[in-house]
Amino acid sequence: MTTTEHAAPAADAHGHDEHAHDDHGHHDLGFWQTYVFSVDHKVIGIQYAVTGLLFLLFGFLLMMLMRWQIAYPGEPIPLIGEWLGDERAPGGIMLPEFYNQLGAMHGTIMVFLGVVPLAVGGFGNFVLPLQIGAPDMAFPKLNMASYWSFFVGGVVMFASFFVPGGAANSGWTSYAPLSVFATTGQTMWLIGMIFLITSSLLGSVNFIVTTIQLRVPGLSFMRLPFFVWAQLVTAFLLLLAFPPLEAAGVMQLMDRVAGTSFFLPAGLVYADAPWEATGGGSVLLWQHLFWFLAHPEVYVLILPALGIVGEIIANNTRKPVWGYRVLVYSVVFLGFMSFVVWAHHMFLTGMGTTMSSFFQTTTMIISIPSVVILSALFITLYGGSIRFTVPMLFALAFLPMFGIGGLTGLPLGLSAPDIHLHDTYYVIGHFHYVVAPGTLMALFGGIYYWFPKATGRKMNDFLGRVHFWGSFVSINVVFMPMLYQGLAGMNRRMYDGGEQYMMNADVLWLNEVISIGAWVLGLFQLPFIYNFFRSIKHGEKVDDNPWQATTIEWQAPSPPPHGNFSAPPMAYRGPYEYSVPGAARDFLMQGEPDTAAAEQAKV
Ligand code: HEM
Ligand SMILES: [Cu+2]
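Because the structure is a prediction, the values reported are computed rather than measured.

Trainee: Which residues make up the environment of glutamine 47, and what values do they have?
Mentor: Structurally, glutamine 47 is set in helix 3 (residues 41-71). Sequence spacing of glutamine 47 and isoleucine 516 is 469 residues, and the spatial spacing of their C-alpha atoms is 32 Å. Excluding residues within four positions of it along the chain, glutamine 47 makes contact with Tyr35, Val36, Tyr147 and Trp148.

Structure representation (structure tokens):
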């Protein structure tokens, strides 16, 4: 459906239900087509978000188990240790093999089954079409296929825990040759990844076409909310970075099951015997193909979060975001640059100084737009009349913590200090600051912010504050000491928490601190889970625009009906017209027709 087509039936919008005029065919769909195999972007968005949240919880539980082993190596896991079975934890004591599975699957699940589905599949699907005034995504059936492909990928990954030898255990990076020799779980991992990648590719095409084609009249590119820009660039990253990994995944699968040797060098010896199929493959090729995806993937985790934070900050400072154009150009430049930095993950592979110099230079360059974006968001706060709502608390916490994540990355991007820091807990601390205290905080903020749009009700404010403060304090107790442990030289991926190495002696006591921090962090998610489910039915009822926001999604009813808007909207101005001189209220909605009295704010 094109914009003009959906602009046409304005007159009969109210008689919508009685008429069989529409082409959605959405009346009297049974339960299955309404809630399960739905093609409505809002239902799919919510499916993505809820599934993503469940996987985040699952990945979090795996991590809590690991943290037991790291803090108290060799001691039986309390409560659930007995249930894990002899092949994982005989007598409740975790086996190293199981620790490796937990590590690899925690990383994989958090990235591919948790954050991306929530940030892109959830927020992207639910919010983006509404923000551009569209009745749905451009290709609703493709959208459904994307969700179900993701779902199958998730089921395969989950099932892999129960095959002989357990789940994948070669890290979330699946480095060859380790991954080629690994147990059956690794095959499941590769098959699961192929489904997940397919899902993202289907989704990204849809987001790109939707954003370009389905904007309402008047919504030029420079009037798009920052969130839409962030999602658009994210979609391009997914579209361009994933295909090489999909190909590489199939190749690694062939190495495992069909006797090829794409990633196995000649003369490889495994368990004291020559490996039968070794013919001139390259282990580094896998690393290149993996990181060609996985570095842009980092921005797939970050950009939607930045988009969310931009919306929340504009709304709660009652100011236009500072430097809208600069933000847009920076995001586009960031997206472009994210394709030429990948080998900063490979300084220690001996790829040579020319390559290292190139990649450390590009890495320093890409930090510039990141700093620009963060600074613009900080500057937006200046002089604003800030409302400390729950979404705003999360957005405010995001800024410095994402900043710590970014700044601690600089030494890793320079090849000399990376020799010392590579594969230490410093790296774990660094990237978690980006994706956990950073991105996760933004995603929580987004849930509190758009929950009223999805349900017509607000989440409880007090529980939201408990959730925020508890999480904010404990998440720093978790990740700050990791940076310190890493600087002392403590390695990552150690199933005994590193206690067998003398150099860790001084920082080993922090393992227990971190683990307790992680469990407390888990505890503080309980008010969120309770609040989320309770508020769906019992939250305070609110009107269509409870935050007095400007962007078009707040013009739709809450929850929006199928087709979204009772009358097709138009865009008359930029996205953040807050505190406009001469206006009756302190905000002008993007879709409100012009009033002579108000002078437009500069964006
Ligand atoms: C919020 C609480 C979280 C905690 C406490 C946590 C903790 C940990 C721990 C202890 C490790 C293993 C370190 C090791 O043994 O080397 C780890 C690894 C990892 N985590 Fe997290 N994590 C959290 C959230 C996340 C999120 C949100 C993401 C991604 C979006 C993520 C992605 C990863 C990745 C990719 C790895 C590396 C796995 C590997 O070594 O192959 N984590 N995390
Ligand atoms: Cu990178």
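Trainee: Which residues make up the coordination of the copper ion (ligand 2), and what values go with them?
Mentor: Listed as protein donors to the copper ion (ligand 2) are His295 (ND1), His344 (NE2) and His345 (NE2); their distances from the metal cover 1.7 to 2.0 Å. Here the donor residues for the copper ion (ligand 2) map to a single chain with the spacing H-x48-H-H. Histidine 345 gets classed as partly exposed once you look at its relative accessible area, which sits at 23%.

Trainee: I'd like a rundown of the nonpolar core, residues and numbers included.
Mentor: In summary, soluble globular proteins display a tendency toward joint burial of nonpolar side chains. If you look at the biggest cluster of nonpolar residues, it comprises 179 residues, and the most contacted ones within it are Met105, Phe123, Leu245 and Leu306. With 19 residues, the single largest contributor to this core is helix 4 (residues 96-131).

Trainee: Describe the coordination of the iron atom of ligand 1, and please don't skip the residues or the numbers.
Mentor: Only His106 (NE2) and His432 (NE2) from the protein reach the iron atom of ligand 1 as donors, at distances of 1.9 to 2.0 Å. Considering all 6 donor atoms around the iron atom of ligand 1, angles at the metal cover 88 to 179° and the coordination shape is octahedral. In this pair, histidine 106 sits in helix 4 while histidine 432 sits in helix 14 (residues 425-455), placing the two residues 326 residues apart along the sequence. One exposure class covers both histidine 106 and histidine 432, and it is buried.

Trainee: Give a description of the side chain of serine 338 that names residues and reports values.
Mentor: Looking at where serine 338 falls in the secondary structure, it is placed in the loop between helix 10 (324-337) and helix 11 (353-381). We classify serine 338 as buried; its relative accessible area is 0%. At 2.8 Å, the side chain of serine 338 and the backbone oxygen of glycine 335 are in polar contact. Not counting chain neighbours up to four residues away, the residues in contact with serine 338 comprise Leu237, His295, Pro296, Tyr299 and Ile366.

Trainee: Please set out the packing of helix 9 (residues 283-317) against helix 12 (residues 390-413) residue by residue, giving values where relevant.
Mentor: Closest axis-to-axis distance for the helix 9/helix 12 pair is 9 Å, and the angle between their directions is 130°. Classified by the angle their axes make, helix 9 and helix 12 are oblique. The hand of the helix 9/helix 12 crossing is left-handed. The residues of helix 12 that touch helix 9, namely those facing Ile302, Ala305, Leu306, Val309, Ile312, Ile313, Asn316 and Thr317, are Pro391, Met392, Ala395, Phe398, Leu399 and Phe402.

Cut-offs applied
- Residue indices begin from 1 for each chain and proceed along its sequence in written order.
- Going through the entries in the order they are written, you letter the chains from A and number the ligands from 1.
- Reporting of local features is limited, given that this is a predicted model, to residues whose pLDDT is at least 70; pairs of side-chain atoms are given and counted only at 80 or more, and all residues count toward the totals for whole chains, interfaces and linings.
- As a rule here, side-chain values come from all non-hydrogen atoms in the structure, and water together with hydrogens is ignored.
- A run of H or I in DSSP counts as a helix once it spans at least four residues, and a run of E counts as a strand once it spans at least two, with each numbered from the N terminus.
- Contacts: residue pairs with any heavy atoms within 4.5 Å of one another.
- Listed donors are limited to N, O and S atoms within 2.8 Å of the metal, widened to 3.2 Å for Na, K and Ca; water is not among them, so incomplete-looking sites are possible.
- The classification of residues rests on relative accessible area computed with a 1.4 Å probe and restricted to protein chains. Under 20% of the type maximum is buried, over 50% is exposed, and intermediate values are partly exposed.
- Throughout this description, the term nonpolar core refers to a set of buried Ala, Val, Leu, Ile, Met, Phe, Trp, Tyr and Cys residues connected via side-chain atoms within 4.5 Å.
- Metal sites are grouped by the angles between bound donors: all angles between 85 and 135 degrees with four donors is tetrahedral, opposite donors over 155 degrees apart with the others between 65 and 115 is square planar for four donors and octahedral for six, and any other pattern is irregular.
- As used in this structure description, the phrase polar contact means that two N or O atoms lie within 3.5 Å; if the pair is within protein, one of them must be able to donate a hydrogen and the other to accept it, and residues adjacent in sequence are counted only when both atoms belong to side chains.
- Axis definition: a line fitted to C-alpha atoms, limited for helices to the stretch in contact. Angles are taken between N-to-C directions and run from 0 to 180 degrees.
- Here is the rule for angles: anything less than 35 degrees is roughly parallel, anything more than 145 is roughly antiparallel, 65 through 115 is roughly perpendicular, and the remaining ranges are oblique.
- Helix crossings get a hand from a simple test, with the near helix turned counterclockwise from the far one by less than a right angle marking a left-handed crossing and a clockwise turn marking a right-handed one.

Scope: geometric values only; no functional claims are made or implied.
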